[in-house]
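Residue-level structure breakdown
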Amino acid sequence: MRILEDTKALLRDLVAFPTISEDSNRALIDHLADRLAMAGARVEVLPDATGAKANLFATLGPAGDGGIVLSGHSDVVPVAGQDWTVDPFALTERDGRLYGRGTCDMKGFIAAAVAMAPVFAGRRLTRPLHFAFTHDEEVGCFGACALAAALTAKGLRPSVAIIGEPTSMRIIEGHKGCYEYSTHFTGLAGHASAPDRGVNAVEYAARYVARLLDLGEALKARAPAASPFEPPWTTVSTGVLTGGNARNVIAAEARVDWEMRPVQPGDADFVKEALRRYCDETLLPAMRRVAPEAAIVTEVVGEVEGLVPASDNEARRIVSELTGANGAGTVPFGTEAGIFQSLGMSVVVCGPGSIEQAHKPDEYLAVDQLRDCLAMLERLADRIGG
Ligand SMILES: [Zn+2]
């Protein structure tokens, strides 16, 4: 099977670019751009503001709306502190497995899609086929957000996206969002013997956390009746509560690191609005009665939208036909899928390899998984190739 050998060779190239999120992905993107251009694709490299990172967007077939997007992120998680038995940035094939950082998450899918480009290019495609490869997924989906803005600015509306994150080639139609925040409290220090003359940031932070707990309960009642998620509602969790210096000093500073995982977009607004009102109407007036400079500032660490299961989903229909899978599931991890969905596209996550191997030492992709992925893409070429 020549295409499998081509895919492995390209995966070997891709793994050799150490595209850890904090480092540049430009060399890898340029390599993919060359390969796609050679196949006859119309390729755009879209750098970020620093120029160190870039997204790639390429098209085969007709121009215009209604296309199918094959999407993947180019960055990988670090290997520092992990115990690898092979070189993480040199592909090693052993016992039907391809070892290397990013093999399953998710350079294997990218290699398969790009290796198939000449096959797609050889057909008379009846609709546009796009390749969308992004930067900085692992640290907050920044590349996909920029790509979404670029597509909107162009006025281009593809209709289907297949996100090739490792799902063992199962069709995934939903996952929760992941919204992360740090809320900083600034009070007024003083002697613990006179609490009323200071503003205790730790105590206000504690009240904020208590409000988060109440909202967590309220969210249970808002769960959609047929929610496919476990648990079925939007969750809120406080991971870090820190502040103060000594028992006998009124704490001037405190910080709460918290997150929520929305099952539906409206829940995030519900929580944010409730917290804004609680701060503006209750906490801040009390703090500022003693110290006008007191403040509560929430820093958005990342807001990655969920993928909301849709009853009418063209992406699910197409990928079911291609893979023969009936039914679709949900996963507990986040992807870029929700960002594409927010553009009005129908989206599924389906890609080779298991999330069990992602982010771990000796990450690998089973060759069989790569073969199944190529079979899906070959059927896609049959389906949209005239
Ligand atoms: Zn991934």
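That block above? That's the structure.
Below you will find a few notes about this structure. (Residues numbered from 1 in each chain as written. Predicted model: local features only at pLDDT ≥ 70, side-chain atom pairs only at ≥ 80, totals over all residues. Heavy atoms only, no water.)

Considering the sheet that holds strand β9 (residues 178-186)
- The strand order across the open sheet built from four strands is β11-β13-β9-β14, with neighbouring strands paired in antiparallel fashion. For this open sheet the edge positions go to β11 (235-243) and β14 (295-304), each flanked by a neighbour on one side alone. Within the sheet, the average angular offset between the axes of one strand and its neighbour, ignoring direction, is 15°.
- Lying on the sheet, helix α6 (residues 201-221) is in contact with β9, β11, β13 (253-261) and β14; it crosses β13 at an angle near 15°.
- Sheet strands touched by helix α7 (residues 265-290): β9, β13 and β14. Its angle to β14, the strand with the most contacts, is close to 165°. (Pairing = 2+ DSSP bridges. Helix = DSSP H or I, 4+ residues; strand = E, 2+ residues; numbered from the N terminus. Axes fitted to C-alpha atoms, helices over the stretch in contact; angles between N-to-C directions. Contact = heavy atoms within 4.5 Å.)

Thoughts on α6
- Along its 21 residues, α6 runs 31 Å from first to last C-alpha, staying within 8% of the 30 Å computed at 1.5 Å per residue.
- Every buried residue belonging to α6 is among Ala201, Tyr204, Ala205, Tyr208, Val209, Leu212, Leu215, Gly216 and Leu219, and all of these are buried. For α6, the arc enclosing every buried residue in end-on projection is 145°, short of the 170-degree limit, so these residues lie on one face. Every exposed residue of α6 that faces more than 90 degrees away from the buried side is listed here: Glu203, Leu213, Glu217 and Ala221.
- Structurally, α6 contributes buried residues whose contacts are with β9, β11, β13, α7 and β14.
- For α6, the N-terminal cap is Asn200; the gap from its side-chain oxygen to the backbone nitrogen of Val202 is 3.0 Å. (Expected span 1.5 Å × (residues − 1). Buried < 20%, exposed > 50% of the residue type's maximum accessible area, 1.4 Å probe, protein only. Arc of directions from axis to C-beta. Polar contact = N/O pair within 3.5 Å; in protein donor to acceptor, adjacent residues only side chain to side chain.)

Here's the deal with the coordination of the zinc ion
- Donor atoms from the polypeptide that coordinate the zinc ion comprise His73 (NE2), Asp105 (OD), Glu165 (OE) and Glu165 (OE), at 1.8 to 2.6 Å from the metal.
- Its four donor atoms give the zinc ion angles of 53 to 140° at the centre, a pattern that matches the irregular case.
- Along the chain, the residues donating to the zinc ion fall in the pattern H-x31-D-x59-E. Here His73, found in strand β3 (residues 68-73), pairs with Glu165, found in the loop between β7 (160-163) and β8 (172-174); they are 92 residues apart in sequence, far enough to count as distant. (Donors = N, O, S within 2.8 Å, 3.2 Å for Na, K, Ca; no water. Tetrahedral: all angles 85-135°; square planar, octahedral: opposite > 155°, others 65-115°.)

Examining the packing of helix α1 (residues 2-16) against helix α2 (residues 26-38)
- Taken N-terminus to C-terminus, the directions of α1 and α2 make an angle of 155°; their axes are 9 Å apart at the nearest point. In terms of orientation, α1 lies roughly antiparallel with respect to α2. In this structure, α1 meets α2 at a crossing whose hand is right-handed. For the pair α1 and α2, the contacting residues are Leu10, Asp13 and Leu14 in the first and Leu28, His31, Leu32 and Arg35 in the second.
- Residues belonging to the contact of α1 with α2 are distributed by class as follows: four nonpolar, one polar and two charged. (Parallel < 35°, antiparallel > 145°, perpendicular 65-115°, else oblique. Left-handed = near helix turned anticlockwise from the far one by under 90°. Nonpolar A, V, L, I, M, F, W, Y, C, P; charged D, E, K, R; others polar.)

Re the pattern of salt bridges
- On inspection of all chains with the given rule, the structure shows 21 salt bridges.
- One salt bridge connects Glu5 with Lys8, and the closest N-O pair in it is separated by 3.7 Å. In this pair, Glu5 and Lys8 are both assigned in helix α1, three residues apart and thus about one turn of the helix distant.
- Given the relative accessible area of 11%, Lys8 is considered buried. (Salt bridge = Lys/Arg side-chain N within 4 Å of Asp/Glu carboxyl O.)

Description of the packing of α1 against helix α10 (residues 367-384)
- The contact between α1 and α10 brings their axes to 10 Å, and the two run at 115°. For α1 against α10, the interelement crossing comes out right-handed. Taken together, the residues of α10 that come into contact with α1 (itself represented by Ile3, Leu4, Thr7 and Lys8) are Val367, Leu370, Arg371, Leu374 and Glu378.
- Looking at the contact of α1 with α10 residue by residue, the class counts come to five nonpolar, one polar and three charged.

Considering the side chain of Asp75
- The residue Asp75 is located in the loop between β3 and β4 (92-94) in this model.
- Summary of buried charges: Asp75 has no salt-bridge partner, and the nearest side chain of opposite charge, Lys53, is 7.1 Å away. (Lys, Arg positive; Asp, Glu negative; His and termini not counted.)

A closer look at the nonpolar core
- Core analysis: the biggest nonpolar cluster contains 58 residues, and Phe120, Phe131 and Leu380 have the highest contact counts within it.
- Within the second largest apolar cluster, 30 residues are counted, among which are Val209, Leu212, Leu215 and Ala268. (Core = buried A, V, L, I, M, F, W, Y, C linked by side-chain atoms within 4.5 Å.)

A word on the environment of Val349
- Position of Val349 among the secondary structure elements: in strand β16 (residues 346-349).
- Taking the C-alpha atoms as reference, Val349 lies 54 Å from Ala192; in sequence the two are 157 residues apart.

Thoughts on the sheet that holds β4
- Spatially, β4-β5-β17 is the arrangement adopted by the three strands of the open sheet, whose pairing is antiparallel. Each edge of the open sheet carries a strand with a single partner, namely β4 and β17 (364-366). Direction aside, the axes of adjacent strands within the sheet are offset by 25° on average.
- Here three bridges tie strand β5 (residues 97-99) to β17, and the two strands are oriented antiparallel to one another. Each bridged residue has a counterpart across the sheet, and for Leu98 the counterpart in β17 is Leu365.
- Across the face of the sheet, helix α3 (residues 103-115) comes into contact with β5 and β17 while running at roughly 55° to β17.
- Of the strands in this sheet, β4, β5 and β17 are in contact with α10, which crosses β17 at around 60°.

Overview of the environment of Asp382
- Structurally, the position occupied by Asp382 is in helix α10.
- In this structure, the C-alpha to C-alpha distance between Asp382 and Phe120, residues 262 residues apart in sequence, is 8.8 Å.
- Among the polar contacts made by the side chain of Asp382, one reaches the side chain of Arg123 at a distance of 3.0 Å.

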